[in-house]
Amino acid sequence: MCRSGGRVTGGIFLSIYRRAAIVSAAILAAVLVYRLVFHAPVPREVRLTGENIICFGDSLTSGFGAGPGMDYPSQLSRMLGRPVINAGRAGDTTASALARLERDVLSRSPRIVLITLGGNDLLRRGDRQEAFGNLKAIVTSIQDRGALVILGGIEAPIWGRGFEEVYRRVSEETGAVLIPDILKGVMGNPALMHDAVHPNDSGYAVMARYFHEAMKPYL
């Protein structure tokens, strides 16, 4: 009986270990892909005057699908060893985010602001030019307060309706640092996704690493 129990227990631990190894390999692969494709543009020269790192955006920022303390801002905070403000709100479009920008970002002494916005505009078939105008207004308003902006873009070639061009244009016209696809290697990977749109804890870890990599030259 003891030997049989030992074999069962050992099998359970082996299964858990294999699952963890698969998830770790998926995260590593995503980060390696990111390093191959990510090229940070030369940012607009901004003298950083604020104090806080703020994550501003929609459910990808608020952390839908993540366990407690596993949203990307929380994981990024642990990587940096300093506080990070999560100013995400599920369901936000670029228009609703612009409406709360003063309260949730500009009034909080921003130094570096990480943005994930546009996904809901895309899903709701919003006007691309309007989304561009809103996002550009958000970025320039933050920069005018002496903060660096890092944009987490989304690339969806099949159903994206060219929205990836919105992020590129905003980056080119404002000098914001652009991560072309913040879900690169995550979207469509069952080991990293909570549902069809949102990452799980491990997927949010990939997002946190992408932002961390982009931030490092400016810390």
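These numbers come from a predicted model, not from an experiment. (Residues numbered from 1 in each chain as written. Predicted model: local features only at pLDDT ≥ 70, side-chain atom pairs only at ≥ 80, totals over all residues. Heavy atoms only, no water.)

**Some details on helix H9 (residues 201-215)**
Here comes step 1: Its 15 residues place the ends of H9 21 Å apart at the C-alpha level, agreeing with the 21 Å of an ideal helix rising 1.5 Å per residue.
Here comes step 2: The buried fraction of H9 is high, at 12 of 15 residues.
Here comes step 3: Among all positions in H9, only Ser202, Gly203, Tyr204, Ala205, Val206, Met207, Ala208, Tyr210, Phe211, His212, Ala214 and Met215 are buried.
Here comes step 4: Sitting at the head of H9, Asn200 places a side-chain oxygen 3.0 Å from the backbone nitrogen of Ser202. (Helix = DSSP H or I, 4+ residues; strand = E, 2+ residues; numbered from the N terminus. Expected span 1.5 Å × (residues − 1). Buried < 20%, exposed > 50% of the residue type's maximum accessible area, 1.4 Å probe, protein only. Polar contact = N/O pair within 3.5 Å; in protein donor to acceptor, adjacent residues only side chain to side chain.)

**A word on the sheet that holds strand S5 (residues 177-179)**
Strand pairing within a sheet occurs via backbone hydrogen bonds; the two strands may be parallel or antiparallel.
Here comes step 1: The strand order across the open sheet built from 5 strands is S2-S1-S3-S4-S5, with neighbouring strands paired in parallel fashion. Since the sheet does not close on itself, it has two edges, and those belong to strand S2 (85-88) and S5, each with one partner. Taking the axes of each pair of neighbouring strands and ignoring which way they run, one obtains an average angle of 20° across the sheet.
Here comes step 2: For strand S1 (residues 52-57) and strand S3 (residues 110-116), the ladder comprises 6 bridges, and the chain directions are parallel. Looking across to S3, one finds that Ile54 is bridged to Val113.
Here comes step 3: Each of S1, S2 and S3 touches helix H3 (residues 72-80); the most contacted strand, S1, lies at about 160° to it.
Here comes step 4: Helix-sheet contacts for helix H8 (residues 164-174) involve strand S4 (148-152) and S5, and the interaxial angle to S4 is about 165°. (Pairing = 2+ DSSP bridges. Axes fitted to C-alpha atoms, helices over the stretch in contact; angles between N-to-C directions. Contact = heavy atoms within 4.5 Å.)

**Digging into the packing of H3 against H9**
Here comes step 1: Running from N to C, H3 and H9 cross one another at 50°; their axes reach a closest spacing of 8 Å. Compared by their axis directions, H3 and H9 come out oblique. Relative to H9, H3 is oriented so that their crossing is right-handed. In contact with Tyr72, Gln75, Leu76, Met79 and Leu80 of H3, H9 contributes Asp201, Tyr204, Ala205, Met207, Ala208, Arg209, Phe211, His212 and Met215.
Here comes step 2: Here the contact of H3 with H9 is composed, by residue class, of 10 nonpolar, 2 polar and 2 charged. (Parallel < 35°, antiparallel > 145°, perpendicular 65-115°, else oblique. Left-handed = near helix turned anticlockwise from the far one by under 90°. Nonpolar A, V, L, I, M, F, W, Y, C, P; charged D, E, K, R; others polar.)

**Examining the side chain of Asn120**
Here comes step 1: Positionally, Asn120 belongs in helix H6 (residues 119-123).
Here comes step 2: Looking at Asn120, its side chain comes within polar contact range of the main-chain oxygen of Asp92, at 2.7 Å.
Here comes step 3: Discounting chain neighbours no more than four positions away, the residues touching Asn120 are Asp58, Gly91, Asp92 and Thr93.

**Section: the confidence of the model for the protein chain**
Parts of the prediction with low pLDDT should not have their coordinates interpreted in detail.
Here comes step 1: Chain-level pLDDT for the protein chain is 85 on average; 77% of the residues reach the 70-or-more range.
Here comes step 2: pLDDT under 50 marks residues 1-17. Its contacts with residues more than four places away, or in other chains, come to 0 contacts. (pLDDT = per-residue confidence, 0-100.)

**Topic: the packing of helix H7 (residues 128-143) against H8**
Here comes step 1: One way to put it is that H7 packs onto H8 with a least axis distance of 10 Å and a crossing angle of 35°. You can see that H7 and H8 cross each other, and the crossing is right-handed. Counting all contacts with H7, which are made through Arg128, Gln129, Ala131, Phe132, Leu135, Lys136, Val139, Thr140 and Gln143, the residues of H8 involved are Val166, Tyr167, Arg169, Val170, Glu173 and Thr174.
Here comes step 2: For the contact of H7 with H8, the class distribution of residues is 7 nonpolar, 4 polar and 4 charged.

**What about the pairing of S3?**
Across a regular strand the side chains alternate sides, sitting on one face of the sheet and then on the other.
Here comes step 1: Within S3, 6 of the 7 residues are buried, which leaves it mostly tucked inside the rest of the structure.
Here comes step 2: Pairing between S3 and S4: 4 bridges, direction parallel. The residue bridging Val113 from the neighbouring strand is Val149, located in S4.

**Considerations on the nonpolar core**
Here comes step 1: If you look at the biggest cluster of nonpolar residues, it comprises 27 residues, and the most contacted ones within it are Phe56, Ile115 and Ile142.
Here comes step 2: When residues of this core are traced back to their parent elements, those giving at least two are S1, S3, H7, S4 and H8.
Here comes step 3: Ranked by the residues each element gives to this core, the list is headed by H7, at 6 residues.
Here comes step 4: Non-local contacts of Ile142, meaning those with residues more than four positions away in its chain, are made with Leu101, Val105, Leu106, Val113, Ile115, Ala147 and Val149.
Here comes step 5: Core analysis: the second largest hydrophobic core is formed by 26 residues, Tyr72, Leu114, Ile179 and Phe211 among them. (Core = buried A, V, L, I, M, F, W, Y, C linked by side-chain atoms within 4.5 Å.)

**Side note on the packing of aromatic side chains**
Here comes step 1: Within this structure, the stated rule accounts for 1 aromatic pair.
Here comes step 2: Positioned above the aromatic ring of Phe132 is the side chain of Arg169, whose terminal nitrogen or guanidinium carbon lies 3.7 Å from the ring centre. (Phe/Tyr/Trp six-rings, centres within 6.5 Å; stacked < 30°, edge-to-face > 60°. Lys NZ or Arg CZ within 6 Å of the ring centre and 35° of its normal.)

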